[in-house]
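Remarks on the overall topology
Each chain, letter by letter, is given below.
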Amino acid sequence: MSTNLTQAKPASPAPGTPGQPLTPGQVRYALWLLLIIYTLNFLDRQIVNILAGPIKAEFNLSNTQMGLLTGLAFAFVYTVLGIPIARYADRFSSNRVGIIAGALVLWSLFTALCGLAQNYVQLLLARIGVGIGEAGCTPPAHSLISDTAPPEKRASALAFYSMGVPIGTFFAFAFGGWIAQALDWRWAFLLVGLPGILLAVVAWFTIKEPRRLGLVAPPKADAPAMSFGEALKALASIRSYWYASFGAAVLAFIGYGQIAFLGIFYGEVHTTPLAQIGLALAVVIGIGGAIGTYAGGQIADAAAKKDTRAYFSVPAIAMIASTPLFFAAMMLPSGPPGLSGGLADPTLWSLALLIVPIFLNSLWYGPVYASIQGVVGPELRASAVAIMLFIVNMIGLGFGPTLLGMLADGLSNWRLADLIAVGKDFNSACLPLFADNRLIAAGQVGQGLAAANPDLAAACSIARDDGLRWGLIVSGLIGLVAVALFWLGRGSIREDLARANAAA
């Protein structure tokens, strides 16, 4: 992919430091390798979402249990550990390249271990291990990029790195679905996890640490290290930082929750085979998200030259435009199984329409991350990102999938009671029936529960479909909260950027 973010003047030595500036080739290489690492980060994180269908079927899990597996179990350790790791990365003596390489080894090993899980608890513990490893990637990477790319290209550079989110999601859905259908879902974890160890070795020996090259001014000898409490106190006065963090958290809540259940939605509601779901969502989420992420950085850099409030205007306007389009994509009816209806297939049109809100809801990465880096000094950059990611990932990754799973189960309960039997619990009444259907479909001996209870079987299918559909729709409406936060942030972003530049 061609980009002009490395054509500007590379990062130069800080005043009073002896280092030679990085060459454009070195800047380009560092950004590309960090992009590949972040792509693998999200590949290993998101692959569980396309594998959710077969995992849910094998272990007979509820939507709430799947939400916990894809969300809170990972997010809790990821967010909690991210702050001390970032604090360490902010120390001038630390090696941010080494932190990233070590984290890559750890999360790659635990991803592979997911493939060896024999029950839900073992898989849950392995996912927690992935979260521990991935906590050491983004905060030091953002700090490293901010010392590598020139300030006027920072939004583009951070957006370029953030393209790892949609690209990693693309490969997770495309390869995960194909491997699971061709082999088994366990092989998918093994095959995507192990290559990260080799990539960690490459990163350790080839990425330049600007601090080691004299490109970053060391802290003054008489300047005491900033404690975590002091860092929070410094951030507390920067209003735009908190608007950006909580606005991004709401968008992450929507994005993580929806991605966790879109594979299940198109598999169960639209009866699409796993490999086709994986490829279709890879295109929709991966390509639409990658273009949106890259475009967001370019748009923000261009618009911010005239008005820095564009860092918040871009994601706010994008969210407003995306909400009705996502609603329309979810409301289209199911087509024939296996996307076999041709150009008139409503499932195909649902997926095609979904590309637009995915694109729009990916515009925020570059503008928001650039605003975070712009309103703080170098000594706070990794910590500012870590605290922001704590908020974003605990609310978004932790509670997005978990609460959406609970909402879908609750709506399915309500719909089942409305259809057939007040007082019946959806999970206890319908999950055994679905499990029995899968046994019969696989040619194994079942109990014939659906044949013995046709009215219950029909009601369970309707309740399952409506619960997922309306759970996804309700989650999309929450985006209006993000719009309000970003719009409020427009009132202070210019002042906060000016204050940070004056103190630099």
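Residues numbered from 1 in each chain as written. Predicted model: local features only at pLDDT ≥ 70, side-chain atom pairs only at ≥ 80, totals over all residues. Heavy atoms only, no water.

Re the overall build of the protein chain
Stated precisely, the cut-off is as follows: The helix and strand labels rest on DSSP assignments: H or I over at least four residues marks a helix, E over at least two residues marks a strand, and numbering proceeds from the N terminus. Relative accessibility under 20% of the residue-type maximum defines a buried residue, over 50% an exposed one, and the middle range a partly exposed one, all with a 1.4 Å probe and only protein chains included. In what follows, residue pairs with any heavy atoms lying within 4.5 Å of each other are defined as contacts. Accessible areas in this description were obtained via Shrake-Rupley with a 1.4 Å probe; residue shielding takes into account the shown protein chains only.
Looking only at helices and strands, the protein chain features 22 helices and zero strands. A burial count over the protein chain gives 57% of its 504 residues as buried. For the protein chain, the proportion of contacts with a sequence separation of at least 24, taken over those separated by at least 6, is 84%. Accessible surface, the protein chain as shown: approximately 19500 Å² in total, 69% of it carbon and sulfur.

Points about the state of the cysteines
We count it as follows: Note on disulfides: each one is a pair of cysteine sulfur atoms within 2.5 Å.
What the rule picks out here adds up to one disulfide. One disulfide in the model links Cys 430 with Cys 460; its S-S distance is 2.0 Å. Disulfide Cys 430 to Cys 460: torsion about the S-S bond roughly -75 degrees, handedness left-handed. Here Cys 430, found in helix 18 (residues 426–441), pairs with Cys 460, found in helix 20 (residues 454–477); they are 30 residues apart in sequence, far enough to count as distant. Overall, Cys 430 belongs to the buried group, its relative accessible area being 0%. Taking relative accessible area as the criterion, Cys 460 reaches 0% and is therefore assigned buried.

Description of the environment of Ile 264
By the secondary structure assignment, Ile 264 is in helix 12 (residues 239–269). Residue class for Ile 264 comes out buried when judged on its relative accessible area of 3%. Measuring from C-alpha to C-alpha, the distance between Ile 264 and Gly 53 comes to 5.8 Å, with 211 residues separating the pair along the chain. Excluding residues within four positions of it along the chain, Ile 264 makes contact with Ala 52, Gly 53, Lys 56, Val 269 and Leu 468.

Things to note about helix 13 (residues 274–304)
An α-helical turn contains 3.6 residues, so any two residues separated by three or four positions project in the same direction. Heads up, the rule is: The span one expects for a helix is its residue count, reduced by one, times 1.5 Å.
Taking 1.5 Å of rise per residue, 31 residues should cover 45 Å, and helix 13 covers 43 Å from first to last C-alpha, within 8% of that figure. Counting buried positions along helix 13 gives 22 out of 31 residues, so the element sits mostly inside the fold.

Regarding the environment of Gly 467
Mapped onto the elements, Gly 467 comes out in helix 20. Using a relative accessible area of 0% as the deciding quantity, one classes Gly 467 as buried. If near-sequence neighbours (up to four positions away) are discounted, Gly 467 is found in contact with Ala 408, Leu 411 and Ser 412.

Here we look at the environment of Leu 194
Tracing the backbone shows Leu 194 in the loop between helix 9 (185–193) and helix 10 (195–206). With residues near it in sequence (within four places) discarded, Leu 194 still touches Ser 108 and Ala 112.

Side note on the nonpolar core
Heads up, the rule is: Working definition of a nonpolar core: buried Ala, Val, Leu, Ile, Met, Phe, Trp, Tyr and Cys residues. They are joined through side-chain atoms within 4.5 Å.
In this structure, Ile 55, Met 330, Leu 354 and Met 388 are the most contacted members of the largest nonpolar core, which totals 134 residues. Of all the elements, helix 12 adds the most residues to this core, at 17 residues. The contact partners of Ile 55, leaving out residues within four places of it in the chain, are Val 48, Asn 60, Leu 61, Met 66, Leu 69, Leu 123, Trp 185 and Phe 189. Among the nonpolar cores identified, the runner-up in size contains 12 residues, and Leu 416, Cys 430, Leu 431 and Phe 434 belong to it.

A few points about the packing of helix 13 against helix 16 (residues 365–374)
Quick note on the threshold: Fitting a line to C-alpha atoms yields each axis, with helices limited to the stretch in contact; the angle taken between N-to-C directions then spans 0 to 180 degrees. Oblique is the label for every angle not falling under 35 degrees (roughly parallel), over 145 degrees (roughly antiparallel), or within 65 to 115 degrees (roughly perpendicular).
Relative to each other, helix 13 and helix 16 sit at 55 degrees, their axes nearing to 6 Å. By the angle between their axes, helix 13 is oblique relative to helix 16. Residues Thr 293, Gly 296, Gly 297 and Ala 300 of helix 13 form the contact with helix 16, whose own contacting residues are Tyr 365, Gly 366 and Pro 367.

Concerning the confidence of the model for the protein chain
Caution applies to low-pLDDT regions: their predicted coordinates should not be interpreted in detail. Heads up, the condition is: Note: pLDDT gives the predictor's confidence per residue, expressed from 0 to 100.
Summary statistics for the protein chain give a mean pLDDT of 83 and a share of 89% for residues scoring 70 or more. Counting contacts from residues 6–18, a segment whose pLDDT is below 50, to residues more than four positions away or on other chains yields 34 contacts.

Digging into the pattern of salt bridges
Quick reminder of the rule: Here, a salt bridge means any side-chain nitrogen of Lys or Arg that lies within 4 Å of a carboxyl oxygen of Asp or Glu.
All chains considered together, the criterion is met by 13 salt bridges. One salt bridge in this structure joins Asp 184 and Arg 186, with 3.8 Å as the shortest N-O distance. Judged by relative accessible area, Asp 184 falls into the partly exposed class, the value being 26%. Salt bridges linked by common partners bring Lys 56, Glu 268, Arg 464 and Asp 465 together as one network.

What about the side chain of Lys 56?
Along the chain, Lys 56 turns up in helix 2 (residues 52–59). Excluding anything up to four places from it in sequence, Lys 56 contacts Leu 61, Ser 62, Asn 63, Met 66, Ile 264, Glu 268 and Arg 438.

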